[in-house]
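Each chain is listed here by its residues.
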Amino acid sequence: MVLVILAGSAAAYWLVRRQLRPLEQLAASVKALEADNMAQIKVPLPNTRDESYQLALALDDMITRVGQAYAGQKEFAASAAHELRTPLAAMQSRLEVFLMKERTPDEYQQLLQRFDGNLKRLNTLVEQLLQLSSSHVPDTKCGICLGDIVEDAVCELAPVLEQKTVDINLEDHLLVDENPALYRQLVLNLLQNAAKYGGARIRVHLAQQENQVTLRVEDNGPGIPDTAKEHIFEPFYRVDRSRSRRIGGNGLGLSIVRRIARQYGGDATVGDSPLGGACLVIHLPLSKSG
Ligand code: ADP
């Protein structure tokens, strides 16, 4: 009897150990995780197709995603530091040269004007970085008329759009929920880009497609090369870096556009316009209030 009990206990112990082994391996891999090695660590998948297999699979997927997000954040921080450093370094070296000899009041005036341009650029960059990193979701409003926001944005940019022909085709009473200030920012970014990079014609089209509102901003500029299309929503990406920098671009405008659209259940995509240039398309969910 004692022997049977002992043999039974040993068999039960062996079985439980066997069942727990994959979980122990899982725990060991999780313990070995560091922020920098997440992309390399592979969680060992048990041979059995049971719950521990499902758990290992889910954990592996989660570690991969956290690793990618961490790598993305690091890259973002490095690019942001680089973008901030460039105008600061330019200002510092200019100041060093300036202070090497006596200067006239006119020269001081010129220096301050140059600094003013650099400071404005830095200010815009910091504001855009804050917008991108903010996790604060502002108050929601129901039933905002997107057409009104587009018309207001076109009015606001009148000085920039002065030399352009802007065709506006807005389907009436297309209502969206959420935040007017962010949607305004989204429309402004698209119109500013069409003005900066496009030609003399801009077309803005707002229509309903199934249960979504679709906003298209097109232009007759050079367009966006196919190889660049998948990158233009990435922070700090610019097709022509030096040209974009010259005309005051930080490479963050479209990242902000996509972030706002996705934050509210929509998306931003890019294509070619029949006008010959780029066609930026935003989808946003229609208002639930009807
Ligand atoms: P930026 O602040 O440099 O304008 P964006 O994120 O708004 O940055 O745009 C990213 C890049 O996409 C721009 O630098 C430009 O090269 C390209 N781009 C954006 N809009 C257009 C457009 N309408 N036509 C051609 N290129 C565009």
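Conventions we followed
- Residues numbered from 1 in each chain as written.
- Predicted model: local features only at pLDDT ≥ 70, side-chain atom pairs only at ≥ 80, totals over all residues.
- Heavy atoms only, no water.
- Pairing = 2+ DSSP bridges.
- Helix = DSSP H or I, 4+ residues; strand = E, 2+ residues; numbered from the N terminus.
- Axes fitted to C-alpha atoms, helices over the stretch in contact; angles between N-to-C directions.
- Contact = heavy atoms within 4.5 Å.
- Salt bridge = Lys/Arg side-chain N within 4 Å of Asp/Glu carboxyl O.
- Buried < 20%, exposed > 50% of the residue type's maximum accessible area, 1.4 Å probe, protein only.
- Patch = residues over 30% accessible without salt bridge, like charges linked within 9 Å, V, L, I, M, F, W, Y side chains within 5 Å.
- Areas by Shrake-Rupley, 256 points an atom, 1.4 Å probe, with all protein chains shown as cover.
- Lys, Arg positive; Asp, Glu negative; His and termini not counted.
- Charge placed at Lys NZ, Arg CZ, Asp CG, Glu CD.
- Polar contact = N/O pair within 3.5 Å; in protein donor to acceptor, adjacent residues only side chain to side chain.
- Parallel < 35°, antiparallel > 145°, perpendicular 65-115°, else oblique.
- Expected span 1.5 Å × (residues − 1).
- Bend = angle between axes of the 7 residues up to and from the residue.
- Near = heavy atom within 4 Å.

Visitor: In this structure, what is going on with the sheet that holds strand β4 (residues 201–209)? I would like to understand it.
Guide: Pairing between the strands of a sheet comes from backbone hydrogen bonds, and it takes one of two forms, parallel or antiparallel. Taken in spatial order, the five strands make up an open sheet running β2-β4-β5-β7-β6, and their pairing is mixed. Edge strands, defined here as strands with exactly one partner in the open sheet, are β2 (165–170) and β6 (267–272). Here the average twist between neighbouring strands, direction ignored, is 15°. Here helix α9 (residues 253–263) sits on the sheet in contact with β6 and β7 (278–285), set at roughly 130° to β6.

Visitor: Sorry if this is basic, but what is going on with the pattern of salt bridges here?
Guide: Opposite charge on two side chains permits them to pair, given that their charged atoms come into close proximity. Inspection of every chain in the model, using the stated rule, returns 15 salt bridges. Note that arginine 103 and glutamate 107 form a salt bridge whose closest N and O atoms lie 3.5 Å from each other. With a relative accessible area of 26%, glutamate 107 lands in the partly exposed category. A network of salt bridges, in which partner residues are shared, links Glu83, Arg121, Arg238 and Arg241.

Visitor: Looking at this model, I keep getting lost on the environment of leucine 174. Mind explaining?
Guide: Note that leucine 174 resides in the loop between β2 and β3 (175–178). Given the relative accessible area of 3%, leucine 174 is considered buried. Along the primary structure leucine 174 and serine 287 are separated by 113 residues, whereas in three dimensions their C-alpha atoms are 8.1 Å apart. Excluding its chain neighbours within four sequence positions, the residues that come into contact with leucine 174 are Ile144, Cys145, Leu146, Leu206, Ala207, Gln208, Val213 and Leu286.

Visitor: Hey, could you run me through a negative patch on the surface in this one?
Guide: On the surface, Asp148, Glu151, Asp152, Glu171 and Asp172 cluster together to form a negatively charged patch. Structurally, aspartate 148 is set in helix α4 (residues 146–156).

Visitor: What exactly am I supposed to notice about the side chain of serine 29 here?
Guide: Here serine 29 shows up in helix α1 (residues 2–31). A distance of 2.8 Å separates a polar side-chain atom of serine 29 from the backbone oxygen of glutamine 25. When near neighbours in sequence (up to four residues on either side) are disregarded, serine 29 contacts Ile41, Val43 and Pro44.

Visitor: Can you help me understand the packing of helix α2 (residues 51–98) against helix α3 (residues 105–133) in this one?
Guide: Packed helices, taken two at a time, are described by the angle between their axes plus the distance between the axes. Taken N-terminus to C-terminus, the directions of α2 and α3 make an angle of 170°; their axes are 11 Å apart at the nearest point. If you check the angle between α2 and α3, you find them roughly antiparallel.

Visitor: What should I look at first to understand α1 in this one?
Guide: Working note: α-helix, 3.6 residues per turn, so residues spaced by three or four point in the same direction. Taking 1.5 Å of rise per residue, the 30 residues of α1 would be expected to cover 44 Å, and the 41 Å separating its terminal C-alpha atoms lies within 8% of that figure. For α1, the principal kink sits at leucine 20 and spans about 35°; a proline, proline 22, occurs within the next four residues. Of all the positions in α1, only Pro22, Leu26 and Ser29 are classed as buried. If you follow the buried residues of α1, they end up packed against α2.

Visitor: Where do I start with the site of the ligand in this structure?
Guide: Neighbouring the ligand are 18 residues; Asn193, Tyr197, Asp219, Ser244 and Leu254 lie closest to it. In the environment of the ligand, an oxygen atom lies 2.8 Å from a nitrogen or oxygen atom belonging to the side chain of asparagine 193. The separation between an oxygen atom of the ligand and a polar side-chain atom of tyrosine 197 is 2.6 Å. Expressed as a share of its isolated accessible area of 540 Å², the protein-covered part of the ligand is 96%. If you list the elements that add at least two residues to the shell around the ligand, you get α6 (180–197) and α9. With three residues, α6 is the largest single contributor of residues to the shell around the ligand.

Visitor: Help me understand the pairing of β7, please; the structure alone is not making it clear to me.
Guide: Two faces make up the sheet, and in a regular strand the side chains alternate between them. Summarising burial for β7: seven of the eight residues are buried, a large majority. Bridge count between strand β5 (residues 212–219) and β7: seven bridges; the pairing is antiparallel. Across the sheet, the residue bridging to valine 217 is leucine 280, located in β7. Pairing of β6 with β7 involves six bridges; the strand directions are antiparallel. Bridged to aspartate 272 within β7 is alanine 278. If you look at the hairpin formed by β6 and β7, you'll find five residues sitting between the two strands, and glycine 276 has a positive phi there, around 115°.

Visitor: Looking at this structure, how should I read the side chain of asparagine 193?
Guide: Following the sequence through the fold, asparagine 193 ends up in helix α6. Classification of asparagine 193 as buried rests on a relative accessible area of 18%. For asparagine 193, the contacting residues outside a window of four places in its chain are Gly198 and Leu254.

Visitor: Can you walk me through a nonpolar patch on the surface in this structure?
Guide: A surface patch of nonpolar side chains, amounting to about 310 Å² of accessible area, comprises Val16, Leu20, Leu23 and Leu55. A total of three residues in the nonpolar patch trace back to one element, the largest contributor, which is α1. Topologically, leucine 55 is positioned in helix α2.

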